[in-house]
Amino acid sequence: MSFESLGLRTELLRAVSEKGYSVPTPIQQQAIPLVLEGRDIMGGAQTGTGKTAGFTLPLLQRLMSSGKPEKGRRIVRALVLTPTRELAAQVNESVESYGKYLPLRSTVIFGGVKINPQIQKLRNGVDILVATPGRLLDHVSQKTVDLSRLDILVLDEADRMLDMGFIRDIRKILALLPRQKQTLFFSATFSDEIKRLANDLLRSPALVEVAQRNTAAERVSQVVHPVDKKRKRELLSYLIGSKNWKQVLVFNRTKHGANRLSEQLITDGITAAAIHGNKSQGARTRALADFKSGKVRVLVATDIAARGLDINELPHVVNYELPNVAEDYVHRIGRTGRAGREGEAMSLVCVDELKLLRDIERLLKRDIPKVVIDDFEPDPSIKAEPINTGRGGRKQGARRTNAKPQNGRPPLHARRNRGNRSRRSAE
Ligand code: AMP
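Residues numbered from 1 in each chain as written. Predicted model: local features only at pLDDT ≥ 70, side-chain atom pairs only at ≥ 80, totals over all residues. Heavy atoms only, no water.

Peer 1: Just checking my understanding: could you explain the overall build of the chain for this structure?
Peer 2: Counting secondary structure elements, the chain contains 17 helices and 13 strands. Counting over 427 residues, the chain shows a buried share of 58%. Counting contacts in the chain only where the partners sit at least 6 residues apart, residues at least 24 apart contribute 76% of the total. Total accessible area computed for the chain in this model is approximately 19,100 Å², and 48% of it derives from carbon and sulfur atoms. (Helix = DSSP H or I, 4+ residues; strand = E, 2+ residues; numbered from the N terminus. Buried < 20%, exposed > 50% of the residue type's maximum accessible area, 1.4 Å probe, protein only. Contact = heavy atoms within 4.5 Å. Areas by Shrake-Rupley, 256 points an atom, 1.4 Å probe, with all protein chains shown as cover.)

Peer 1: Can you walk me through a nonpolar patch on the surface in this structure?
Peer 2: A surface patch of nonpolar side chains, amounting to about 210 Å² of accessible area, comprises Val 351, Leu 354 and Ile 382. Note that Leu 354 resides in helix α15 (residues 354-364). (Patch = residues over 30% accessible without salt bridge, like charges linked within 9 Å, V, L, I, M, F, W, Y side chains within 5 Å. Salt bridge = Lys/Arg side-chain N within 4 Å of Asp/Glu carboxyl O.)

Peer 1: Would you take a moment to explain helix α3 (residues 51-65) for this structure?
Peer 2: Along an α-helix, residues three or four apart share an orientation, since each turn contains 3.6 residues. Taking 1.5 Å per residue as the helical rise, α3 with its 15 residues ought to reach 21 Å, and the 22 Å between its terminal C-alpha atoms agrees with that figure. The element α3 is largely enclosed, with a buried count of twelve among its 15 residues. For α3, the complete set of buried residues consists of Lys 51, Thr 52, Ala 53, Gly 54, Phe 55, Thr 56, Leu 57, Pro 58, Leu 59, Leu 60, Gln 61 and Leu 63. (Expected span 1.5 Å × (residues − 1).)

Peer 1: Explain the pairing of strand β7 (residues 206-209) here, please?
Peer 2: Where a strand is regular, its side chains alternate between the two sheet faces. A one-sided burial pattern is seen for β7, the buried positions being Ala 206 and Val 208 and the unburied ones Leu 207 and Glu 209. Pairing analysis gives four bridges linking strand β1 (residues 41-44) to β7, with the strands arranged parallel. Bridged to Met 42 within β7 is Leu 207. (Pairing = 2+ DSSP bridges.)

Peer 1: Can you walk me through the confidence of the model for the chain in this structure?
Peer 2: Reading predicted coordinates in detail is not appropriate for stretches of low pLDDT. With 84% of its residues at a pLDDT of at least 70, the chain reaches an overall mean of 85. A low-confidence stretch, residues 392-427 (pLDDT under 50), is modelled with 76 contacts involving residues beyond four sequence positions or located in other chains. (pLDDT = per-residue confidence, 0-100.)

Peer 1: Explain the pattern of salt bridges here, please?
Peer 2: When the charged atoms of two side chains with opposite charge come close together, those side chains can pair. Tallying each qualifying case throughout the model produces 21 salt bridges. Notably, a salt bridge pairs Arg 9 with Glu 11, separated by 3.1 Å at the nearest N-O pair. Glu 11 sits in the partly exposed class, given a relative accessible area of 22%. Residue Arg 332 pairs with Asp 303 through a salt bridge whose shortest N-O separation is 2.7 Å. Taken together, the positions of Arg 332 in helix α14 (residues 326-333) and Asp 303 in helix α13 (residues 303-306) put the pair 29 residues apart, joining distant regions of the chain. A relative accessible area of 1% means that Arg 332 is categorised as buried.

Peer 1: Looking at this structure, I do not really get the sheet that holds strand β9 (residues 248-251). What am I missing?
Peer 2: One open sheet accounts for six strands, arranged β8-β13-β12-β9-β11-β10; its pairing is parallel. Either end of the sheet is taken by a strand with one partner, and the two such strands are β8 (220-226) and β10 (272-275). Pairwise comparison of adjacent strand axes, ignoring direction, gives a mean angle of 20° for this sheet. For β9 and strand β11 (residues 298-301), the ladder comprises four bridges, and the chain directions are parallel. Of the residues in β11, the one forming a bridge with Phe 251 is Ala 301. (Axes fitted to C-alpha atoms, helices over the stretch in contact; angles between N-to-C directions.)

Peer 1: How should I be thinking about the environment of Asp 367 in this particular structure?
Peer 2: Counting through the fold element by element, Asp 367 comes out in the loop between α15 and α16 (396-399). For the pair Asp 367 and Val 223, spaced 144 residues apart in sequence, the C-alpha to C-alpha distance is 9.6 Å.

Next comes the structure, spelled out in structure tokens:
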């Protein structure tokens, strides 16, 4: 199948071919014709599947065919809501690059940066607005955005938005939108809460699904390297050096840990930067740009900061520490092996983390191969200690005593904690 056969207009085909895409991904093959027909979509797709182009291309075409903006005044006709600033910025980049030959204007608004330049852009008029929920509501309360004439709403990574505590903000935003509109709803997982939200929003949606729920990205090869906690940094430097990795995304549980690790890697002579919610937006954008351009070899990230990061052809992901919540593992390794490319995910696992590893393997419904690296054999006399989650000294062991995953999801109290914590760092 080709992009031409999907019924896209020539301006879009030209932009797509300039991006170097020749064949639509499965989600694009399914979603594009349905969106062009005007159908609501319930999309089960993880990042890395090409879903952004799957909704952006037909959205641009629909806006073109629904007529020119009123004379002298543009109004927001399409709104894309995303959970994080990085994802918002990336979606807007996609809108701009796919729409480069069309006379449509878009902008992106998110927190952590000055609001006035955003107000100015909105005042100049935009057709497509990409936004995170909190900052969008700030604009609503300042009456600097009008959503009353919306034609198309996209909720991207809806499960992440709920996990991050945005449900009330989302409901407030929905109440401002016209009833009659096309809604495209994307989520990697479908909890009861997500289904309720989708039910309230969608009118006889077409189901579009490309990745099974909770399966790790297919093409990512995974391995666990057992190692003592104290020797993880040494092992990481060794792996990067001996395998000559040029671009590696490393996950840490805490912001403090991410900072410390990136400083230590720099001391080891490896260029590195940290990205997390305590960094200013400028620092986050810079770190990501330097990583993408190859100026820094290692980007050390926390889970929240890494959500939605789209780095072309990212070959290696390292879990320097396993995540507290098993589902985050799936999300982390999904940063590599995107759009069908090969990817490799390594986890450096110490004795404290064996329970977390078991949770992950239960969620994946398979064991991850364990490979001990010569000279880094774990010392069997070291006993497991509770894990410091970096949250006011609360220990992982204490929090999870009754914490059986519910359908692979963390227990509700854990989800709430995450929500409160992350909303701030994301917005
Ligand atoms: P997404 O899932 O939307 O975040 O996209 C993941 C990555 O796949 C992005 O880097 C896109 O640029 C890339 N991509 C999207 N569609 C295609 C395609 N048809 N062929 C090759 N790469 C694609």
